Amino acid sequence: MSDRSGHLKQRRNLSGVKMSMRRSDPQGSMRPDDEVMPYSDDETDDELDDDIEESSEEEAEEVPGAPHLPVEARVSEMGWKVKANDRPYHQLPEFQKKVFLCIKKSRYSGNAIKTYKYNVLTFIPLNLYEQFKRVANLYFVALLILQIIPDITTLPWYTTLIPLVVVLGITAIKDLVDDLARHRMDKEINNRKCEVLLEGRFQESKWMDMQVGDVVRMKKNDFIPADILLLSSSNPNSLCYVETAELDGETNLKFKMGLRVTDERLQEERQLAQFDGFIECEEPNNRLDKFVGTMQWQQERYPLDLDNMLLRGCKIRNTEICHGLVIFAGADTKIMRNGGKTRFKRTKIDELMNYMVYTIFVLLILVSAGLAIGHTFWYEEIGSKAWYLNDGKDQDASYRGFLSFWGYIIVLNTMVPISLYVSVEVIRLGQSKFINWDLQMYFPEKDTAAKARTTTLNEQLGQIEYIFSDKTGTLTQNVMQFKKCTIAGRNYGSPTTAEGVTLDRGRPVDWSWNRHADKKFQFMDHSLVSVVRSRKDKDASEFFKLLSLCHTVMVEQKDGELIYQAASPDEGALVTAARNFGYVFLSRTQDTITIREMEQESTYQMLALLDFNSDRKRMSIILKFPDGRIRLYCKGADTVIYERLSPNSKYKDITQTALDEFANETLRTLCLCYKDISAAEYEAWSRKHKEAQVTMVNRDAALDSVYEDIEKNLMLIGATAIEDKLQDGVPETIAKLAKAGIKIWVLTGDKKETAENIGYSCSLLTDDMQIHYGEDVNEKLIARQANRRYEPTSYRPGKKKPSEPFFTEPGKNALIITGGWLNEILYEKKKKRRRLRLRRLGRRPPISNPQDPQPANDWEKEMRQIDFVDMACECEAVICCRVTPKQKANVVSLVKKTKKAVTLSIGDGANDVNMIKTADIGVGISGQEGMQAVMSSDYAFAQFRYLERLLLVHGRWSYIRMCKFLRFFFFKNFSFTLVHFWYSFFSGYSSQVAYEDWFITLYNLCYSSLPVLLVGLLDQDVNDKLSLKFPKLYLPGQQRKMFNYQNFFISLFHGIFVSLIIFFIPYGAFLQTMGQDGEAPSDYQSLAVVTSTSLIFSVNLQISLDTSYWTFVNCFAVLGSIAIYFGIMFDIHSAGIHVLFPSPFTFTGVASNALRQPYLWLTIILTVGISLLPVICIQFLSKTIWPSDGDKVQRNRKKYEKELEEEERKKPSAFQRGRRSRRSAYAFSHSRGYADLIASGRSIRRRATRGGPQDSIREVTHREAENI
């Protein structure tokens, strides 16, 4: 009965929380609760039914005089059924679902996960299908088919086939390597071992072979293989401690608890084998914060909630053995459901490049059509009348024009070079390797290097406009340090000697006098240690006694060491501080706490524990001292403590001053106070307390009221200041990225106060910013919506109107908004609920009051979302707190859609995976226990500060290199291909090529590819140090200045100009010339050699002019390309190869004959000089008259490099924190603490059936607990 009543109590508490989801403001309108995490997108049906009921009631209220129809209470059916130890049950026909046509399979997923794309049979067809989704590849196959048709072909088929096979082959190999890595990772996870109960005994089984309904045994430090109902464990009362770093990046432990009935009856293997419980629960969903179900066993029903569930991805800690029942497996588990959809990510340059290729297709068709028409007229006027041009074919002019069109499609196809795509892939692969090899992004403490997990997004790193960051584990280390305190009006914590002399630099306190001290704890103020050890200052003794007694920390002794397990890292830091100062928390039972006070052990009777919650912002404990005195100790946020202080309390003003100082240093503060209580007063209060505990209506409110009665007239002792330790370099990185024009949004599940405090710590928020909260935002959005309704003609769907700024006052603005307000503002809630609302909107009469906050239709809702993003983008910083994983992804998606901006998300836990997948670039923080974010990311490294180098150095370089590469690639191919166009005017538009066939085949493969490829790999306008020193150099990438349609058309006209020069100067030289032997080498083949030689020199010298960063490799590539050209040309023009292969090699002796004529060399030099001269002049003028920021830095490079060397020699200055008098929030646990657990005694009492006293509570903190 007690177990059931406990669960009923939990249910009532849950309903109380749910009722508090909405609060009323003074005007009576409903507003969200800032402290409560809003529901995620996968709400269960019972919650939706509740909402529907509420909605129905609202509708009834909306219509005056309408009869109030009672809404029948709907009992939601639990759709997921699991039977223990019965695999055949889950294969029954009723649990089958149709997959394809008549093929069915079980709705219960197996436990194997699959992230790979291909297998042995599907690799070739699927990979070719994916590659041929790229339009260019289909185009080249079509060309290949055209080249096989004899009447059309103007070039041999191998000129297209060889490059196409090379491109498809290289891409396929790259895809295969990537997929093999996915195969290896899947295989490693699926083949992990776990003990499964089969045939009446536990047998070792692979994860992939586990099924829903299996009973499993897990041991300490095992990863949990599926979503499992905890049945029993080796700990008292089936407690099990789990580390959730994979899910949320948090490293403090959470406790889970089995039902009492399963704890008592399912300990032995035989009992577990006979277990035939039947579970009915919610369908698989992505809600990490909720689980609802019931267990039917032995004709009894037992309620189940999240406290009974072990989620996949967590790790068993501090529990030797536990048993569980698999409820959700594989793809149905919550961690996999939170993964979000895997999106195919493409860069903006990729999209632009595709549009440019379409533009080239259109140009190609227009030019080919024009030349075909020209051939039709030419044949009618000249070709048909010239007897020497008769080819014996009976074809009229129109048909010949039609064939000429397809012939020119083949001839001019090199305007869309097949080697472009493979060159881009090679450059991206190289850039990824440079990121992997960067030692300045290597984190030695975790032996973790940066890792580019994709090779397709590098240049997009140079265009980031918005960064969305998680907080815990990403900006912070999730490590709290006790830094300072104020006791009885005196401040401690600065470097000070034992005598109280302040020092500029001190040394840490030596804790050797205290055998229980945590050696990792550092404190610089020796005077506080001497005060505490002397025991002359009663306030100091009381201060640390309070810290050692007023908490919900659990303790275990392991190898003679004390190991603390706290519900929040802040509380653990305070108890550890008290321990080091000689007030050591040793143990606790259900109603006692034992501490060691300076080598003297004392046990205090715990009369009541008044736990923290988000409204109270404080916790208290009422203790009976060994001498009979009763005292209340209380700690809490200064805002609530000062309201409850006695008028006689001392040190209020001086402590307030200290609090402001601590807040200016962005430390998290907490006030400590006490109150002596008489026995009579306690007895009277205790009776009220017991009554409140058993009340059936509004129990939480009743308890809060009783707590208020006793927590007043408190006496202030002092205050603590804790540092939420940021990762190294976070403030500097954020400041540098802000200078680069990147806006940073923090999306976190933390409380508003905590998130705001971290915002100040990391310089995201500054003292000169005006902060706007959810209420202000909502008011401004409602006002803007009302304006649209007042002026309906000015704001119409599809009509663009420049938006007016939301913040008209001068100065910087910041926005802090909670998940509840996001739901209210954006109307982004459950899909079913949204459909319900839209149905209601459809039934509502036209809005008569423009101030009505509800959107009238989808367009108003969309405009409200756009308004919100516009307002947020006017702010220097945005912090969204208490948001769910789904909301994080929605915010990212909204900015992407509204601003068409390039976004980056960075996080470290499974709750960040959806956000990471939604953003254009996803970055995972590696090196922590949780690797879920890394597995879903595009880039991974160990510290947030490396983001600065990833974007400002690698991202910027990659963008510049890719843009330069593409501009030049288009130019060199236009220059090469359009020579055919000019030649057609002198060849009767007959699709005759201007070059030798082999030159056309090898031009993009051998003669011109290497120099431009190396520019795409190695070029840099300024070095990495100057890139970091001048963040504004990043702006051109955001503004997309270096590659756009303007640059494309410049490359096109540049190519047209060079092709004109390359064709017409040699043509003029050949028109009326005489060689040294008296013969004019004015044949077509000699002209082809001269034009091709001029082209090779022009394009290779042109890329030399565009190269900013010269290395030996670049020099070798330019000279080598020219040398390769001559070497291959002389070989294929030799008589020997013609004898072996007479058909493909027809230019016998042409090169040696033409290139021994001096005037042809003069022609080549003149052609190259004229083609390069305008470029040299334009570059000189642009760098001199209109220099870019990059040009200015390049010009003064040596000066800046000297400055950097001097700065490095100097001692780096400490980061200056902002000065601002404000409150600093103490972060209690976001979930409830261990108070209920302690009060119930379940964590302490050993089961009666087992017998024997419990020596210690088996609990450990995070990784430190394993290593203390």
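None of these values were measured; they are calculated from a predicted model.

Novice: What should I look at first to understand the overall build of the protein chain in this one?
Specialist: Looking only at helices and strands, the protein chain has 43 helices and 37 strands in total. The buried share of the protein chain, taken over its 1268 residues, is 55%.

Novice: What is the right way to read helix α22 (residues 774-790) from this model?
Specialist: Each α-helix winds once per 3.6 residues, and so residues spaced three or four apart point in a common direction. Look at α22: 24 Å from first C-alpha to last across 17 residues, which is about the 24 Å you get at 1.5 Å a residue. The complete set of buried residues in α22 reads G774, V777, N778, L781, I782, R784, Q785, A786, R788 and R789. Buried residues belonging to α22 abut β33 (812-818), α23 (819-826) and α25 (858-874).

Novice: Would you mind going over the sheet that holds strand β7 (residues 201-206) with me for this structure?
Specialist: Across a sheet, strands are paired by hydrogen bonds formed along the backbone, either parallel or antiparallel in direction. In space, the 6 strands of this open sheet follow the order β7-β6-β8-β17-β9-β15, with antiparallel pairing throughout. Because the sheet does not close on itself, it has two edges, and the strands there are β7 and β15 (309-310). By the bridge criterion, 6 bridges tie strand β9 (residues 227-233) to strand β17 (residues 321-328) in an arrangement that is antiparallel. Note that in β17 the partner of S233 across the bridge is C322.

Novice: I tried to follow empty space enclosed by the protein on my own but got confused; where do I start?
Specialist: In this approach, a probe sized like a water molecule rolls over the atoms, and the result shows the empty space that is left. Within this structure, the stated rule accounts for 8 cavities of 30 Å³ or more. Considering only enclosed or pocket space, the largest cavity measures out at about 180 Å³ in volume. Listing elements by their share of the lining of the largest cavity, those giving two or more residues are α5 (158-190) and α30 (997-1007). Considering each element in turn, the lining of the largest cavity owes the most residues, 4 residues, to α30.

Novice: Please explain the pattern of salt bridges as it appears in this structure.
Specialist: For side chains bearing opposite charge, pairing can occur when the charged atoms are close. Scanning all chains against the criterion turns up 43 salt bridges. A salt bridge links E708 to R618, with the nearest nitrogen and oxygen atoms 3.1 Å apart. On the criterion of sequence distance, the pair formed by E708 in helix α19 (residues 699-710) and R618 in strand β27 (residues 618-624) is long-range, its members being 90 residues apart. Judged by relative accessible area, E708 falls into the partly exposed class, the value being 33%. Where R629 meets D627, a salt bridge forms, and the shortest distance between an N and an O atom there is 3.0 Å. Among the residues examined, R629 registers a relative accessible area of 37% and is labelled partly exposed. Because the salt bridges share partners, they merge into one network encompassing R618, E643, R644, E708 and E711.

Novice: I tried to follow the side chain of S649 on my own but got confused; where do I start?
Specialist: Of note, S649 is situated in the loop between α16 (638-641) and α17 (652-664). Its relative accessible area of 8% is what places S649 among the buried residues. Of the polar contacts made by the side chain of S649, one reaches the backbone nitrogen of L716; its length is 2.9 Å. Setting aside anything within four residues of it in sequence, one finds S649 in contact with L714, M715 and L716.

Novice: Would you explain the packing of aromatic side chains in this entry?
Specialist: What characterises a pair of aromatic rings is the spacing of the ring centres plus the angle enclosed by the ring planes. Inspection of every chain in the model, using the stated rule, returns 66 aromatic pairs. The interplanar angle of 65° and the centroid separation of 5.1 Å between the aromatic rings of Y1125 and F1126 together place this pair among those described as edge-to-face. As far as the burial class goes, Y1125 and F1126 line up, both buried. The rings of F976, Y995, F999, Y1003, Y1007, F1097, Y1125, F1126, F1130 and W1161 are connected pair by pair, giving a single aromatic cluster.

Novice: How should I be thinking about the packing of helix α34 (residues 1045-1071) against helix α35 (residues 1084-1106) in this particular structure?
Specialist: Relative to each other, α34 and α35 sit at 145°, their axes nearing to 10 Å. Crossing angle aside, the handedness with which α34 passes α35 is right-handed. On α35, the residues touching H1054, I1062, F1063, P1066, Y1067 and F1070 of α34 are S1086, L1087, V1090, T1091, S1094, L1095, S1098 and Q1102. Looking at the contact of α34 with α35, its residues break down into 8 nonpolar, 6 polar and no charged.

Novice: Could you clarify how one ought to interpret unusual backbone geometry in this entry?
Specialist: Of all residues except glycine, most have a negative phi; of all peptide bonds, most are trans. For N221, which is not glycine, the phi torsion reads 70° and is therefore positive. Following the sequence through the fold, N221 ends up in the loop between β8 (215-219) and β9. Under the relative-accessibility criterion, N221 is labelled partly exposed at 34%. A positive phi angle, close to 50°, is found at Y989, a residue other than glycine. Structurally, Y989 can be placed in the loop between α29 (946-984) and α30.

Novice: Can you walk me through helix α15 (residues 569-580) in this structure?
Specialist: End to end, α15 covers 16 Å across 12 residues, agreeing with the expected 16 Å (1.5 Å per residue, within 8%). Of all 12 residues making up α15, 11 are buried, and the element is well covered by its neighbours. Within the sequence span of α15, burial applies to D570, E571, G572, A573, L574, V575, T576, A577, A578, R579 and N580. Within two residues after α15, G582 carries a phi angle of roughly 105°, on the positive side.

Novice: How should a nonpolar patch on the surface be read in this particular structure?
Specialist: Taken together, the side chains of V135, Y355, Y358, Y1045, F1049 and F1053 define a hydrophobic patch exposed on the protein surface, amounting to about 580 Å² of accessible area. Listed by contribution, the elements that provide at least two residues to the nonpolar patch are α10 (348-383) and α34. With 3 residues, the top contributor of residues to the nonpolar patch is α34. Positionally, Y355 belongs in helix α10.

Novice: Explain the packing of helix α4 (residues 135-148) against α10 to me, please; I cannot follow it from the model alone.
Specialist: Helix packing geometry: the angle between the two helix axes and the distance between the axes. Following both chains from N to C, one finds α4 and α10 inclined at 30°, their axes separated by 11 Å at the closest point. The orientation of α4 with respect to α10, classified from their angle, is roughly parallel. Pair α4 / α10 crosses with left-handed handedness. For the pair α4 and α10, the contacting residues are V135, A136 and Y139 in the first and Y358, F361 and L364 in the second.

Novice: Please clarify how the sheet that holds strand β14 (residues 300-305) should be interpreted in this entry.
Specialist: With antiparallel pairing, the 4 strands of this open sheet are ordered in space as β3-β12-β13-β14. Since the sheet does not close on itself, it has two edges, and those belong to β3 (80-83) and β14, each with one partner. Here the strands of the sheet are splayed against their neighbours by 20° on average, with no regard to which way each runs.

Novice: Before we go on, may I ask you to explain the nonpolar core in this structure?
Specialist: Nonpolar side chains in soluble globular proteins generally cluster together in the buried interior. Counting residues in each nonpolar core, the largest one holds 95 residues, and the members touching the most others are F965, L966, F970 and F999. Here this core takes 16 residues from α29, the largest share from any one element. Setting aside chain neighbours within four positions, we find F999 in contact with F976, Y1007, S1092, L1095, I1096 and Y1125. Residues W80, V215, L272 and L311 belong to the second largest nonpolar core, which totals 54 residues.

Novice: I'm lost on the environment of G955 in this one. Help?
Specialist: Along the chain, G955 turns up in helix α29. Separated by 498 residues in sequence, G955 and L457 place their C-alpha atoms 9.4 Å apart. When residues no more than four places from it in sequence are discounted, the contact partners of G955 are N458, E459, L461, G462 and L950.

Novice: Help me understand the confidence of the model for the protein chain, please; the structure alone is not making it clear to me.
Specialist: Residues at a pLDDT of 70 or more form 83% of the protein chain, whose mean pLDDT is 80. Model confidence for the protein chain, summarised as mean pLDDT per element, is weakest for helix α43 (residues 1262-1267) at 33 and strongest for α29 at 93. This model gives residues 1212-1224 a pLDDT under 50, and the stretch forms 33 contacts once residues within four places in sequence are excluded. Overall, residues 1245-1268 carries pLDDT values under 50, and its contacts beyond four positions in sequence, including any with other chains, amount to 74 contacts.

About the cut-offs
- Residues numbered from 1 in each chain as written.
- Predicted model: local features only at pLDDT ≥ 70, side-chain atom pairs only at ≥ 80, totals over all residues.
- Heavy atoms only, no water.
- Helix = DSSP H or I, 4+ residues; strand = E, 2+ residues; numbered from the N terminus.
- Buried < 20%, exposed > 50% of the residue type's maximum accessible area, 1.4 Å probe, protein only.
- Expected span 1.5 Å × (residues − 1).
- Contact = heavy atoms within 4.5 Å.
- Pairing = 2+ DSSP bridges.
- 1 Å grid on protein atoms, 1.4 Å probe; cavity = no way out; pocket = protein on both sides within 12 Å on 5 of 7 lines; lining within 4 Å.
- Points joined across faces, edges and corners; volume = space filled by probe spheres on them.
- Salt bridge = Lys/Arg side-chain N within 4 Å of Asp/Glu carboxyl O.
- Polar contact = N/O pair within 3.5 Å; in protein donor to acceptor, adjacent residues only side chain to side chain.
- Phe/Tyr/Trp six-rings, centres within 6.5 Å; stacked < 30°, edge-to-face > 60°.
- Axes fitted to C-alpha atoms, helices over the stretch in contact; angles between N-to-C directions.
- Left-handed = near helix turned anticlockwise from the far one by under 90°.
- Nonpolar A, V, L, I, M, F, W, Y, C, P; charged D, E, K, R; others polar.
- Patch = residues over 30% accessible without salt bridge, like charges linked within 9 Å, V, L, I, M, F, W, Y side chains within 5 Å.
- Areas by Shrake-Rupley, 256 points an atom, 1.4 Å probe, with all protein chains shown as cover.
- Parallel < 35°, antiparallel > 145°, perpendicular 65-115°, else oblique.
- Core = buried A, V, L, I, M, F, W, Y, C linked by side-chain atoms within 4.5 Å.
- pLDDT = per-residue confidence, 0-100.

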